[in-house]
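The chain contents come next:
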Amino acid sequence: MTEKDQQELLATAQSVLQNNWVELENGTGFSKPATRVYPYQWNWDSGFTAIGYSHFNIERAKQELRSLFSGQWKNGMVPHIIFHTESLDYFPDQSFWQANKRNSSAPEKPQTSGMTQPPVQAIATWRIYQKMREGSQEAEEWLREMYSKLYKQHEYFYTKRDRNKNGIITIYHPWESGMDNSPRWDDILDKIEINTKNKYQRQDTRFVDKRFRPSDASYNEYIFLAEKMKQANYEDELLKETHPFAVEDVLLSSILHLATGYLEKIAMVLGENTVEIKQWLERLPANIFRNQGEDRLFYDKDLRKDQLINVKTAACLAPIIAGVTTASQTEEIFDTLDKSGFCGEKTCHTSLLPSVGAKEDEFSPEAYWRGPIWININWLVWLGLKAAGHDEHANILRHNLLTLLREHGIWEYYSPEDLSGIGANRFTWSAALAIDILASE
Ligand code: 9WN
């Protein structure tokens, strides 16, 4: 890609972030993931966005995280949506969740949802610190401001959601995975008996073509499960026993492990005690290989059945993101993907990863998390490859990501067949991560 192409991509990506920024009356602000379809602040989106902003507007990067953590619960949970504003464009909104009426941990204001998402904020906090004058008082003050919030966020996962103390975190809803309608959840969802019918009106399909979004049947399942969580007042102890959807999620756990490494770095700069963090960091590497299938890929576990969920999706590479695979294990994973035609006609050594293997029965190139290429997943794998020194492979991925963004625009996701952009146009995290990839060598 020429220098001019890169400059133009950077300018477009920055303008997407500027456009999706929402100024709040209290002087702070947050980024909508996209105009209309996602009017609030989302958890992992905001971490990716802060990383993008750290390259050109440190204040915005900090505000993004500050506004997210203003919705943190007393028990440490950072909810998946923070409702700083009101909007008629999204369902379910704050009136559905009623989090502050149901759980005394939830803040009165801002209102929030009652579940969480993969935690990328410790990574973002560290990136912001690196961009400030490292070692300066101001930079340390930033870490000090964030540390206890991040610590509580991680402590929540390791104490409330790590049921078997194995570093593999339990999620109670597909929305918590961030990969909402992934076929990873199909079997469990198919078997859930929806015995109450909720009356509700979807809003998403007013803004994005229905065929690119989850089906109505999936929405019924999401709302049924969210309603069940609400009935349990979002109490982890109750959900643990009775909730019909309980899955050990390898992707979320790998992201948590990666982010906990950054939490440790932050603690070390601040001279905080790292004993507990070190113990958390021991869990996943000691146990994740139990989630490995005979084909060398990694799978989630359905805790209600005590069985691995054998569907080939991009989550099967998660331990590469966590940085816990050796060079030969990483090679084995990519060899398996190539043999199974995961990336279609090209190999995964040379091409972007689709969300679901191209030869899987469930693969559907334009259906949300059931096939399309997502920038954040490829970015996470790129980071993992880069950190482990797989330079050649990382460089190919970087090149493919930038070419995709430059030639096809800044979309929510892309068809692996013709690389056309789908879902929401001018999508915030795709722009933010484009900026980060451009800034790397
Ligand atoms: C539900 C905001 C979010 C992302 C998720 C993505 C999608 C929401 C939705 O949008 O989920 O949380 O309404 O479909 O799946 O990863 O955080 O961009």
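It should be emphasised that the depicted structure is a prediction, and the values quoted were computed from it without experimental measurement.

(A) Expanded view of the overall build of the chain. Along the chain, the regular secondary structure elements total 18 helices and eleven strands. Along the first, second and third principal axes, the C-alpha set of the chain runs to 55 × 55 × 45 Å. Counting every position in the chain, which comprises 441 residues, the buried fraction comes to 61%. Long-range contacts, defined as pairs at least 24 residues apart, comprise 69% of the intrachain contacts of the chain with a sequence gap of at least 6. Total accessible area on the chain is roughly 17100 Å²; 44% of this is exposed by carbon and sulfur atoms. Put simply, the chain has 49 plus and 62 minus side-chain charges, and the middle of one group is 4 Å from the middle of the other.

(B) Layout of the packing of helix α6 (residues 121-131) against helix α12 (residues 250-270). For the pair α6 and α12, the least separation of the axes is 8 Å and the interaxial angle reads 45 degrees. What the angle tells us is that α6 and α12 run oblique. Here α6 runs over α12; the crossing is left-handed. Packed against α6, whose contacting residues are A122, I123, T125, W126 and Y129, the element α12 presents L258, A259, Y262, L263, K265, I266 and V269 at the interface.

(C) Representation of the sheet that holds strand β4 (residues 81-83) in the model. Spatially, the three strands line up as an open sheet ordered β3-β4-β5, and their pairing is antiparallel. Pairing within the sheet leaves two strands with one partner each, and these edge strands are β3 (41-42) and β5 (111-112). Relative to β5, β4 is paired through two bridges, and the arrangement is antiparallel. Paired with F83 across the bridge in β5 is Q111.

(D) Representation of the site of the ligand within the structure. The full set close to the ligand counts 17 residues, and D45, Y90, G178, D180 and Y368 are the nearest of them. Note that an oxygen atom of the ligand is positioned 3.1 Å from one of the side-chain N or O atoms of W44. Here an oxygen atom of the ligand and a side-chain polar atom of D45 are 2.6 Å apart. Class assignment for the residues of the shell around the ligand results in eleven nonpolar, three polar and three charged.

(E) Examining the pairing of strand β10 (residues 411-414) more closely. Strand direction decides the pairing type here: β10 and strand β11 (residues 421-425), joined by three bridges, are antiparallel. Counterpart to Y414 in the pairing with β11 is G421. Adjacent in sequence and paired antiparallel, β10 and β11 are bridged by six residues, among which L419 carries a positive phi angle near 65 degrees.

(F) Here's a closer look at the sheet that holds strand β8 (residues 301-302). Pairing in this open sheet of four strands is antiparallel, and the strands run β6-β7-β8-β9 from one edge to the other. Two strands in the sheet have a free side with no partner beyond their single neighbour: β6 (170-171) and β9 (307-308). The pairing of strand β7 (residues 247-248) with β8 spans two bridges and is classified as antiparallel. Residue pairing in the sheet places V247 in a bridge with D302 of β8.

(G) Seen up close, the state of the cysteines. A complete count under the given rule lists one disulfide for this structure. Lacking any disulfide linkage, C316 is separated from the closest cysteine sulfur, that of C348, by 11 Å. Owing to a relative accessible area of 1%, C316 belongs among the buried residues under this scheme.

(H) Examining the nonpolar core more closely. Core analysis: the largest hydrophobic core is formed by 146 residues, its most contacted members being L337 and W379. It is α12 that contributes the most residues to this core, eleven residues altogether.

(I) Just the packing of helix α1 (residues 3-20) against helix α17 (residues 391-408), in detail. Two elements in contact, α1 and α17, have axes whose closest approach is 10 Å; the angle formed by their N-to-C orientations is 70 degrees. If you check the angle between α1 and α17, you find them roughly perpendicular. Mapping the contact onto sequence places D5, E8 and L9 in α1 and L402, L405 and R406 in α17. Here the contact of α1 with α17 is composed, by residue class, of three nonpolar, no polar and three charged.

(J) Just helix α16 (residues 375-387), in detail. Over its 13 residues, α16 extends 18 Å from the first C-alpha to the last, a length consistent with the 18 Å expected when each residue adds 1.5 Å. Listing the buried residues of α16 in full gives I375, N376, I377, N378, W379, L380, V381, W382, L383, G384 and L385. In the stretch just after α16, G389 is the one whose phi turns positive, near 80 degrees.

(K) Seen up close, the packing of aromatic side chains. Taken as a whole and judged by the stated rule, the model has 33 aromatic pairs. Between the aromatic rings of F48 and W429, the centroid separation amounts to 5.4 Å while the plane-to-plane angle is 70 degrees, which identifies the pairing as edge-to-face. Here W429 lies in helix α18 (residues 428-439) and F48 lies in helix α2 (residues 43-53), a separation of 381 residues in the sequence. The exposure class of F48 is buried, given its relative accessible area of 0%.

(L) Quick look at the pattern of salt bridges. With the rule as written, the count across this model stands at 30 salt bridges. As a salt-bridge pair, R161 and E176 come within 2.9 Å of each other at their nearest N and O atoms. Here the residue R161 occupies a position in the loop between α7 (137-160) and β6, and E176 occupies one in helix α8 (residues 174-177), the gap between them amounting to 15 residues. Pair check on accessibility: R161 and E176 agree, each one buried.

(M) Layout of the environment of N395. Along the chain, N395 falls in helix α17. It is 30 Å that separates the C-alpha atoms of N395 and F212, two residues lying 183 residues apart in sequence.

Thresholds, definitions, all that
Residues numbered from 1 in each chain as written. Predicted model: local features only at pLDDT ≥ 70, side-chain atom pairs only at ≥ 80, totals over all residues. Heavy atoms only, no water. Helix = DSSP H or I, 4+ residues; strand = E, 2+ residues; numbered from the N terminus. Buried < 20%, exposed > 50% of the residue type's maximum accessible area, 1.4 Å probe, protein only. Contact = heavy atoms within 4.5 Å. Areas by Shrake-Rupley, 256 points an atom, 1.4 Å probe, with all protein chains shown as cover. Lys, Arg positive; Asp, Glu negative; His and termini not counted. Charge placed at Lys NZ, Arg CZ, Asp CG, Glu CD. Axes fitted to C-alpha atoms, helices over the stretch in contact; angles between N-to-C directions. Parallel < 35°, antiparallel > 145°, perpendicular 65-115°, else oblique. Left-handed = near helix turned anticlockwise from the far one by under 90°. Pairing = 2+ DSSP bridges. Near = heavy atom within 4 Å. Polar contact = N/O pair within 3.5 Å; in protein donor to acceptor, adjacent residues only side chain to side chain. Nonpolar A, V, L, I, M, F, W, Y, C, P; charged D, E, K, R; others polar. Disulfide = S-S within 2.5 Å. Core = buried A, V, L, I, M, F, W, Y, C linked by side-chain atoms within 4.5 Å. Expected span 1.5 Å × (residues − 1). Phe/Tyr/Trp six-rings, centres within 6.5 Å; stacked < 30°, edge-to-face > 60°. Salt bridge = Lys/Arg side-chain N within 4 Å of Asp/Glu carboxyl O.

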